[in-house]
Amino acid sequence: MKISVVQFSPNFKNKTANIIRMTEFVEKSVSDVLVFPELSLTGYFFLDFDETKSLSESNDGETAEHFKNLSKKFNKVIVYGFPETDDSGKVYNSAITIFPDGSSYVYRKTHLFYKESFAFNPGNTGFNCFYYAPFDINIGVMICYDWRFPESARTLALKGADIIVCPSNLVTDVWHISMPSRALENKVYLAVANRTGEEARDEEKLIFKGQSAIWGYNGELIVKADNFSEIELVAEIFPEKTRKKSFNEYNDIFSDRKPEYYKI
Ligand code: ACM
């Protein structure tokens, strides 16, 4: 099985342009699973709820319909970030996971970063894994700044993730220190799709750091992009190999846990 992270620079507030770009990546890809960045549908640097509301869609809106059709046509799992609105009108920084059979699942970002709380409600889904039987893969989803909380990855791993995918808009480099450990200590694959480019609002500029990457379940780096390229990175993965959590005859990283001594 092959998984890709797609690194590109979304066009701010231009959903049509971004859908065209993302569609091209899907059509050309050789992978079974494609992961796009956080808010890849719209760009990132929103400053109030009016902005996000005007671009938001429900999890079965017309963009989701478009990618559901693509997912089915090309038999690929597609994960991308978008501003999602629920029935009550709240807006979330969400990622949707779409399977070729037409099913889809949303994760709403738990830990909001920097000025995101001006324009998004905190997520209320918690961390979940989405299993797709035809590919025998269990995908756990977190978004960007969730990485700073090791509980995010641990929760997804304890819920059975084979791979954690992390659509991102990261503006630092330090996450490259942590991600391999999250993969190793949980024995899961970890795939970060980070965006490139810049966005300026009110004389403040955010520079997104690229360096999208995929790590193996022993923490080894499989592929990594540079800071600038618009590129699809592909890795071959073996999801079933992550499921036995022992690493010698006597130790198993999950059954050796002592939660009664942990404070979380
Ligand atoms: C981030 O959470 N977008 C850094």
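Description of the structure in this document. (Residues numbered from 1 in each chain as written. Predicted model: local features only at pLDDT ≥ 70, side-chain atom pairs only at ≥ 80, totals over all residues. Heavy atoms only, no water.)

### Things to note about the sheet that holds strand β9 (residues 189–194)
For step 1, the next point in the chain: Ordered by their spatial adjacency, 6 strands build an open sheet running β6-β7-β8-β9-β12-β13, and the pairing between neighbours is mixed. The sheet is open, and its two borders are formed by β6 (129–132) and β13 (221–224), each paired with just one other strand. In this sheet, neighbouring strand axes are inclined to one another by 15 degrees on average, regardless of whether the strands run parallel or antiparallel.
For step 2, the next point in the chain: Across 3 bridges, the pairing between β9 and strand β12 (residues 213–215) is antiparallel. Bridge pairing in β12 links Leu-190 to Trp-215. (Pairing = 2+ DSSP bridges. Helix = DSSP H or I, 4+ residues; strand = E, 2+ residues; numbered from the N terminus. Axes fitted to C-alpha atoms, helices over the stretch in contact; angles between N-to-C directions.)

### Here we look at the environment of Ser-246
For step 1, the next point in the chain: For Ser-246, the location among the structural elements is in the segment after β14 (231–236).
For step 2, the next point in the chain: You can call Ser-246 partly exposed: its relative accessible area is 22%.
For step 3, the next point in the chain: The spacing of Ser-246 and Leu-158 is 88 residues in sequence and 14 Å in space, taken between C-alpha atoms.
For step 4, the next point in the chain: Among all residues touching Ser-246, those that are not within four sequence positions of it are Lys-187, Asn-251 and Asp-252. (Buried < 20%, exposed > 50% of the residue type's maximum accessible area, 1.4 Å probe, protein only. Contact = heavy atoms within 4.5 Å.)

### Focus: the environment of Ala-235
For step 1, the next point in the chain: By the secondary structure assignment, Ala-235 is in strand β14.
For step 2, the next point in the chain: Given the relative accessible area of 3%, Ala-235 is considered buried.
For step 3, the next point in the chain: Spatially, the C-alpha atom of Ala-235 lies 40 Å from that of Ser-88, the residues being 147 residues apart in sequence.
For step 4, the next point in the chain: If we skip the residues at most four places from it in the chain, Ala-235 touches Met-1, Lys-2, Ile-3, Ile-214, Ile-222 and Val-223.

### Thoughts on the nonpolar core
For step 1, the next point in the chain: Judged by nonpolar contacts, the single largest core of 48 residues is most densely connected at Ile-3, Ile-139, Ile-163, Val-165 and Met-179.
For step 2, the next point in the chain: Considering every element that reaches this core, the biggest residue donor is β9, with 5 residues.
For step 3, the next point in the chain: When residues no more than four places from it in sequence are discounted, the contact partners of Val-165 are Ile-3, Val-35, Val-79, Ile-139, Gly-140, Val-141, Met-142 and Ala-191.
For step 4, the next point in the chain: Residues Val-6, Leu-34, Ala-64 and Ile-96 belong to the second largest nonpolar core, which totals 18 residues. (Core = buried A, V, L, I, M, F, W, Y, C linked by side-chain atoms within 4.5 Å.)

### So, the packing of helix α1 (residues 15–28) against helix α3 (residues 62–74)
Axis angle and axis distance: for two packed helices, these are the angle between their axes and the distance between the axes, and together they describe the pair.
For step 1, the next point in the chain: At a minimum axis separation of 11 Å, α1 and α3 run at an interaxial angle of 10 degrees. When the axes of α1 and α3 are compared, the pair comes out roughly parallel. Contact with α1, carried on its side by Ile-19, Met-22, Thr-23, Val-26 and Glu-27, involves Thr-63, His-66, Phe-67, Leu-70 and Phe-74 of α3 and no other residues of that element.
For step 2, the next point in the chain: In terms of residue class, the contact of α1 with α3 is made up of 6 nonpolar, 3 polar and 1 charged. (Parallel < 35°, antiparallel > 145°, perpendicular 65-115°, else oblique. Nonpolar A, V, L, I, M, F, W, Y, C, P; charged D, E, K, R; others polar.)

### Observations regarding helix α4 (residues 150–158)
For step 1, the next point in the chain: All of the buried residues in α4 are Ser-152, Ala-153, Leu-156 and Ala-157. The arc that holds the buried residues of α4, viewed along the axis, is 125 degrees, so those residues lie on one side.
For step 2, the next point in the chain: On the buried face of α4, the contacting elements are β6, β7 (137–141), β8 (163–168) and α5 (175–186).
For step 3, the next point in the chain: Remark: Gly-160 follows α4 within two positions and exhibits a positive phi of approximately 105 degrees. (Arc of directions from axis to C-beta.)

### Comments concerning the environment of Met-179
For step 1, the next point in the chain: Relative to the helices and strands, Met-179 resides in helix α5.
For step 2, the next point in the chain: According to the relative accessible area criterion, Met-179 is buried, its value standing at 0%.
For step 3, the next point in the chain: Sequence separation between Met-179 and Pro-150 is 29 residues, and the spatial gap between their C-alpha atoms is 9.5 Å.

### Describing the packing of aromatic side chains
For step 1, the next point in the chain: If you walk through the whole model with that rule in mind, you get 17 aromatic pairs.
For step 2, the next point in the chain: On the basis of an interplanar angle of 45 degrees and a centroid distance of 4.8 Å, the ring pair of Phe-67 and Tyr-80 is categorised as tilted. Remark: Tyr-80 occurs in strand β3 (residues 77–85) and Phe-67 occurs in helix α3; sequence separation between them is 13 residues.
For step 3, the next point in the chain: Classification of Tyr-80 as buried rests on a relative accessible area of 1%.
For step 4, the next point in the chain: Measuring from ring centre to ring centre gives 4.7 Å for Phe-99 and Tyr-132, while their planes differ by 5 degrees; the resulting arrangement is stacked. Taken together, the residues span a long stretch of sequence, with Phe-99 in the loop between β4 (91–98) and β5 (104–108) and Tyr-132 in strand β6 at a distance of 33 residues. The same class applies to Phe-99 as to Tyr-132, namely buried.
For step 5, the next point in the chain: The ring of Tyr-92 carries the charged tip of Arg-108 above its face, separated from the ring centre by 4.2 Å. (Phe/Tyr/Trp six-rings, centres within 6.5 Å; stacked < 30°, edge-to-face > 60°. Lys NZ or Arg CZ within 6 Å of the ring centre and 35° of its normal.)

Honestly, it's all geometry; don't read function into it.
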